[in-house]
Amino acid sequence: MTDTDHVVLLDDDGRAIGTAPKSSVHGTDTALHLAFSCHVMNEEGQVLVTRRALGKTTWPGVWSNSFCGHPKPAERVLQAVHRRAEYELGLTLADIELALPLFRYRAVDVNGIVEHEICPVYTARAVGEPVLNPLEVVDARWVDPRDLATALDATPWAFSPWLVLQAQQLHLFGRVPAQRQAS
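- As named in an unreviewed UniProt entry, the protein chain is Isopentenyl-diphosphate Delta-isomerase, taken from Microbacterium hominis.
- The heading Subcellular location (unreviewed entry) in the UniProt record of the protein chain holds the text "Cytoplasm".

### So, the overall build of the protein chain
Then step 1. When you go through the protein chain residue by residue, the secondary structure sums to three helices and 12 strands.
Then step 2. The C-alpha radius of gyration computed for the protein chain amounts to 16 Å, which stays within 12% of the reference 16 Å derived for 183 residues, consistent with globular compactness.
Then step 3. Principal-axis analysis of the C-alpha atoms places the extent of the protein chain at approximately 40 × 40 × 30 Å.
Then step 4. A buried classification covers 50% of the 183 residues belonging to the protein chain.
Then step 5. Considering only residue pairs separated by 6 or more positions, the protein chain has 64% of its internal contacts joining residues 24 or more positions apart.
Then step 6. Accessible surface, the protein chain: about 9100 Å² in total, of which carbon and sulfur atoms supply 53%.
Then step 7. For the protein chain, the separation between the mean place of its 16 positive charges and that of its 22 negative charges on side chains is 2 Å.

### Section: the environment of Val 131
Then step 1. With respect to the secondary-structure elements, Val 131 resides in the loop between β11 (121–127) and β12 (137–143).
Then step 2. For Val 131, the contacting residues outside a window of four places in its chain are Glu 88, Leu 89 and Gly 90.

### A look at helix α1 (residues 77–89)
Then step 1. Its 13 residues place the ends of α1 18 Å apart at the C-alpha level, agreeing with the 18 Å of an ideal helix rising 1.5 Å per residue.
Then step 2. Where α1 is concerned, the buried positions are Val 77, Ala 80, Val 81, Arg 84, Ala 85, Glu 88 and Leu 89. Buried residues of α1, seen end-on, are gathered within an arc of 135° and therefore sit on one face of the element.
Then step 3. Directly beyond the C-terminal end of α1, a positive phi value near 60° is found at Gly 90.

### As for the nonpolar core
Then step 1. In terms of nonpolar packing, the biggest core is built from 23 residues, with Cys 38, Val 40, Phe 67, Val 81 and Leu 93 touching the most fellow members.
Then step 2. Every element with two or more residues in this core is listed here: β1 (6–10), β4 (36–41), α1, β11 and β12.
Then step 3. Here this core takes five residues from α1, the largest share from any one element.
Then step 4. Ignoring anything within four residues of it in the chain, the contact list for Leu 93 reads Cys 38, Val 40, Phe 67, Val 81, His 82, Ala 85, Ala 124, Arg 125 and Val 127.
Then step 5. Core analysis: the second largest hydrophobic core is formed by 12 residues, Cys 68, Ala 107, Cys 119 and Trp 162 among them.

### Concerning the pairing of β4
Then step 1. Most of β4 sits out of view: six of its six residues are buried.
Then step 2. In this structure, β4 lies alongside β11, joined through five bridges in parallel fashion. Bridge pairing in β11 places His 39 opposite Thr 123.

### Structural notes on unusual backbone geometry
Excluding glycine, residues mostly carry a negative phi; peptide bonds, for their part, are mostly trans.
Then step 1. In this structure, Trp 59 takes a positive phi of about 50° despite not being glycine.
Then step 2. Within the secondary structure, Trp 59 sits in the loop between β5 (47–52) and β6 (63–64).
Then step 3. Phi at Asp 95 takes a positive value of approximately 50°, unusual for a residue other than glycine.

### A look at the packing of aromatic side chains
Then step 1. For the structure shown, the criterion picks out four aromatic pairs.
Then step 2. Centre to centre, the rings of Tyr 105 and Trp 162 are 5.9 Å apart; their planes meet at 35°, and the pair counts as tilted. Taken together, the residues span a long stretch of sequence, with Tyr 105 in strand β9 (residues 104–108) and Trp 162 in helix α3 (residues 161–169) at a distance of 57 residues. With respect to class, Tyr 105 is no different from Trp 162; both count as buried.
Then step 3. Through a chain of ring-to-ring contacts, three or more aromatic side chains come together here, namely Trp 59, Phe 103, Tyr 105 and Trp 162.

Analysis parameters
Residues numbered from 1 in each chain as written. Predicted model: local features only at pLDDT ≥ 70, side-chain atom pairs only at ≥ 80, totals over all residues. Heavy atoms only, no water. UniProt positions renumbered as here; feature names shortened; annotations may be inferred. Helix = DSSP H or I, 4+ residues; strand = E, 2+ residues; numbered from the N terminus. Rg over C-alpha atoms; globule rule 2.2 N^0.38 Å. Buried < 20%, exposed > 50% of the residue type's maximum accessible area, 1.4 Å probe, protein only. Contact = heavy atoms within 4.5 Å. Areas by Shrake-Rupley, 256 points an atom, 1.4 Å probe, with all protein chains shown as cover. Lys, Arg positive; Asp, Glu negative; His and termini not counted. Charge placed at Lys NZ, Arg CZ, Asp CG, Glu CD. Expected span 1.5 Å × (residues − 1). Arc of directions from axis to C-beta. Core = buried A, V, L, I, M, F, W, Y, C linked by side-chain atoms within 4.5 Å. Pairing = 2+ DSSP bridges. Phe/Tyr/Trp six-rings, centres within 6.5 Å; stacked < 30°, edge-to-face > 60°.

Encoded structure:
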């Protein structure tokens, strides 16, 4: 992250209202801003989970979705997805689909750092194997989606809160979303 990296600020209805330095939107009073998440699958149907680098501002060292990021001002979200896949994982993506267009969350980590994002969620297929950028990712594993669902249910605290929340809404992990389990 540099002082020149900016993110798109949003109002409560999700409309762009300006920009701010990325360094200013991950603190104890985080403004609502635009982000995205992506879940990458391989040809065997496994999903890539990654462990966030220890130097990350939010949730360092925590296991999470394949990758996530922020579109730059005037950058299309899909363009940002491709840019971050290459930067974080050295991956080219295929078959990108928008899975949760209106995903929104606010979470506070143990250091009081707040994530407050409208975060469209994508799924994609990897072309090749990841080559990790150690500034972003310290470990990665291809896992069976059902095994991931079991781990998320058993130890949600071991994962990023956005992964846990996304899994509750996605059928990607071979589970029924929590709000529908009672029926």
